[in-house]
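What the coordinates show
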Amino acid sequence: MDGEVTIKDTTGSPAPLGFLGLGFAAAFAGLLNMGMIPDALMVIAMAIMLGGLAEVLAGIQLFKKGDTFGATAFTIFGFWWLGFAYINLAPAGLFNAPMAAASATSMGFFTLVWGIIATLLTIVTLKIGVMGITVVFVLLDLTFFSNALVFFGILPLGIAGLITLITGLASLYLATALVMNAVGMKMPI
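Residues numbered from 1 in each chain as written. Predicted model: local features only at pLDDT ≥ 70, side-chain atom pairs only at ≥ 80, totals over all residues. Heavy atoms only, no water.

Considering the environment of I159
Relative to the assigned elements, I159 resides in helix α6 (residues 157-182). Taking the relative accessible area as the measure of exposure, I159 reaches 41% and is therefore partly exposed. C-alpha of I159 to C-alpha of N33: the two residues are 126 residues apart in sequence and 8.4 Å apart in space. (Helix = DSSP H or I, 4+ residues; strand = E, 2+ residues; numbered from the N terminus. Buried < 20%, exposed > 50% of the residue type's maximum accessible area, 1.4 Å probe, protein only.)

Next up, the structure:
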């Protein structure tokens, strides 16, 4: 029609940022749970800065692009990382309000419910049709469920740590492949 203007979105995708956030936070959490790193400080830092803030920022940008799935997934999981950090910092007196540590049972149900939500979102990835995203989400499901089993006293922490590390590495690969593909290098995703 005369007078219509078509606007082409030439902005970059924030998805690699979100997957890098998940990747770094999960990889370091996995290394901690496997006993490869001796303290949780780096995990908390990654949970806040990359798992939390980077994923939330990516999610907000995807809302602007009209990507309901990506926006929702990155935003809620970014807030999960921030919640995870708070759960771990509150008993140390965060904001001068020390709280009792969460019980293993509470944490078991916390991760179980998040695993259910992640699984429902995994079903959505099948419609998207990008194998790399589906693989990361299946691994994320396994991460939540294996950690829930740890909190319920059923699974050794090291096994859940290995699954979490693999999730992080898969997410880091996907993020890097998305960036490489965006500049014309063809990486399988």
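Structure's up, so let's keep going.
Notes on the packing of aromatic side chains
A complete count under the given rule lists 12 aromatic pairs for this structure. Aromatic pair F77 and W114: ring centres 5.8 Å apart, planes at 50°, arrangement tilted. In this pair, F77 sits in helix α3 (residues 68-89) while W114 sits in helix α4 (residues 104-128), placing the two residues 37 residues apart along the sequence. Members of the aromatic cluster, connected to one another through ring pairs, are F69, F77, W80, W81, F84, F110, W114, F137 and F144. (Phe/Tyr/Trp six-rings, centres within 6.5 Å; stacked < 30°, edge-to-face > 60°.)

Brief notes about α3
For α3, built from 22 residues, the straight-helix expectation of 32 Å at 1.5 Å per residue is met to within 8% by its first-to-last C-alpha distance of 31 Å. The complete set of buried residues in α3 reads F69, G70, A71, A73, F74, T75, F77, G78, W80, W81, F84 and A85. Its buried side turned inward, α3 meets α1 (15-33), α2 (41-64), α4 and α5 (131-151). The N-capping residue of α3, defined by a side-chain oxygen 3.4 Å from the backbone nitrogen of F69, is D67. (Expected span 1.5 Å × (residues − 1). Contact = heavy atoms within 4.5 Å. Polar contact = N/O pair within 3.5 Å; in protein donor to acceptor, adjacent residues only side chain to side chain.)

Let's talk about the packing of α2 against α3
At a closest axis distance of 7 Å, the pairing of α2 and α3 adopts a crossing angle of 155°. One finds that α2 runs roughly antiparallel with respect to α3. Viewed along their axes, α2 and α3 form a crossing whose handedness is left-handed. The class makeup of the residues in the contact of α2 with α3 is 19 nonpolar, eight polar and one charged. (Axes fitted to C-alpha atoms, helices over the stretch in contact; angles between N-to-C directions. Parallel < 35°, antiparallel > 145°, perpendicular 65-115°, else oblique. Left-handed = near helix turned anticlockwise from the far one by under 90°. Nonpolar A, V, L, I, M, F, W, Y, C, P; charged D, E, K, R; others polar.)

Things to note about the side chain of S171
As for its placement among the helices and strands, S171 is situated in helix α6. Apart from residues no more than four positions distant in its own chain, S171 is found in contact with F19, L22, G23 and V136.

Observations regarding the nonpolar core
Residues F19, F77, W81, F137, L140 and F144 are the most contacted members of the largest nonpolar core, which totals 34 residues. Tallying contributions element by element places α3 first for this core, with nine residues. (Core = buried A, V, L, I, M, F, W, Y, C linked by side-chain atoms within 4.5 Å.)

Focus: the packing of α3 against α4
Contact pair α3 / α4: the axes reach a minimum separation of 11 Å and the direction vectors enclose 165°. Our classification of the angle between α3 and α4 gives roughly antiparallel. By crossing handedness, the relation of α3 to α4 is classed as left-handed. In this structure, α3 uses F69, A73, I76, F77, W80 and I87 to contact α4, whose residues at the interface are M107, F110, W114, I117, A118, L121, V124, T125 and I128. Residue classes in the contact of α3 with α4 are distributed as 14 nonpolar, one polar and no charged.

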